[in-house]
Amino acid sequence: QVQLVESGGGLVQLGGSLKLSCATPTNIFSIYNMGWYRQSPGKQRELVATITAGGRTNYADSVKDRFTISKDNPKRALYLQMNSLKPEDTATYYCNAVHPLNPSVDYWGQGTQVTVSS
């Protein structure tokens, strides 16, 4: 079992920045593909950004040029730098790890709330 723990959420004003972190005691970052997803009340969970074990990144169109996903393998940490935040970015953000050869093997954190006020 892989434990993922998110932190860094909070309340921020329109145009502000936050940096989310996801930590795990298990050394999976060099093997698993990692990602950030978010879910707002009444909406489905959606992809925000992903990063492969090799470091290739992918972003949802809605966050391109504003958010940056990164990881630090030795620190076993995944990050999401969020800039120019908008009210529509308000959601619970979840960290995800999925095995690249067996997508049924995936893990989720408990989520961290991000609220952007206008």
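Thresholds, definitions, all that
Residues numbered from 1 in each chain as written. Predicted model: local features only at pLDDT ≥ 70, side-chain atom pairs only at ≥ 80, totals over all residues. Heavy atoms only, no water. Phe/Tyr/Trp six-rings, centres within 6.5 Å; stacked < 30°, edge-to-face > 60°. Helix = DSSP H or I, 4+ residues; strand = E, 2+ residues; numbered from the N terminus. Buried < 20%, exposed > 50% of the residue type's maximum accessible area, 1.4 Å probe, protein only. Lys NZ or Arg CZ within 6 Å of the ring centre and 35° of its normal. Pairing = 2+ DSSP bridges. Salt bridge = Lys/Arg side-chain N within 4 Å of Asp/Glu carboxyl O.

Chemist: Break down the packing of aromatic side chains for me, citing the residues and quoting the values.
Modeler: Overall, the coordinates contain two aromatic pairs when judged by the stated rule. Arranged with centres 5.1 Å apart and planes meeting at 70°, the rings of Tyr 37 and Trp 108 form a pair that is edge-to-face. You can see Tyr 37 sitting in strand β4 (residues 33–39) and its partner Trp 108 sitting in strand β10 (residues 106–108), a full 71 residues away along the chain. A relative accessible area of 34% means that Trp 108 is categorised as partly exposed. Lying across the ring of Tyr 94, Arg 45 places its NZ or CZ 3.8 Å from the centre. The lysine or arginine in question, Arg 45, covers the ring of Trp 108, its NZ or CZ lying 4.6 Å from the ring centre.

Chemist: Would you mind going over the pairing of strand β9 (residues 91–98) in detail, with residue names and values included?
Modeler: Among the eight residues of β9, eight are classified as buried, and the element is accordingly described as predominantly covered. Strand direction decides the pairing type here: β4 and β9, joined by seven bridges, are antiparallel. What sits directly across from Gln 39, in β9, is Thr 92. Direction of pairing for β9 relative to strand β11 (residues 112–117): antiparallel, over a ladder of three bridges. Counted as the bridge partner of Ala 91 is Val 114 from β11. Relative to β10, β9 is paired through three bridges, and the arrangement is antiparallel. Looking at the pairing, Asn 96 lines up with Trp 108 of β10.

Chemist: Any chance you could break down the pattern of salt bridges for me, citing the residues and the numbers?
Modeler: For the structure shown, the criterion picks out four salt bridges. Between Arg 38 and Asp 89 there is a salt bridge, with its nearest N and O atoms 2.9 Å apart. Residue Arg 38 is found in strand β4, and its partner Asp 89 is found in the loop between β8 (77–82) and β9; the two are separated by 51 residues along the sequence. Because the salt bridges share partners, they merge into one network encompassing Arg 38, Glu 46, Arg 66 and Asp 89.

These figures capture arrangement, not role.
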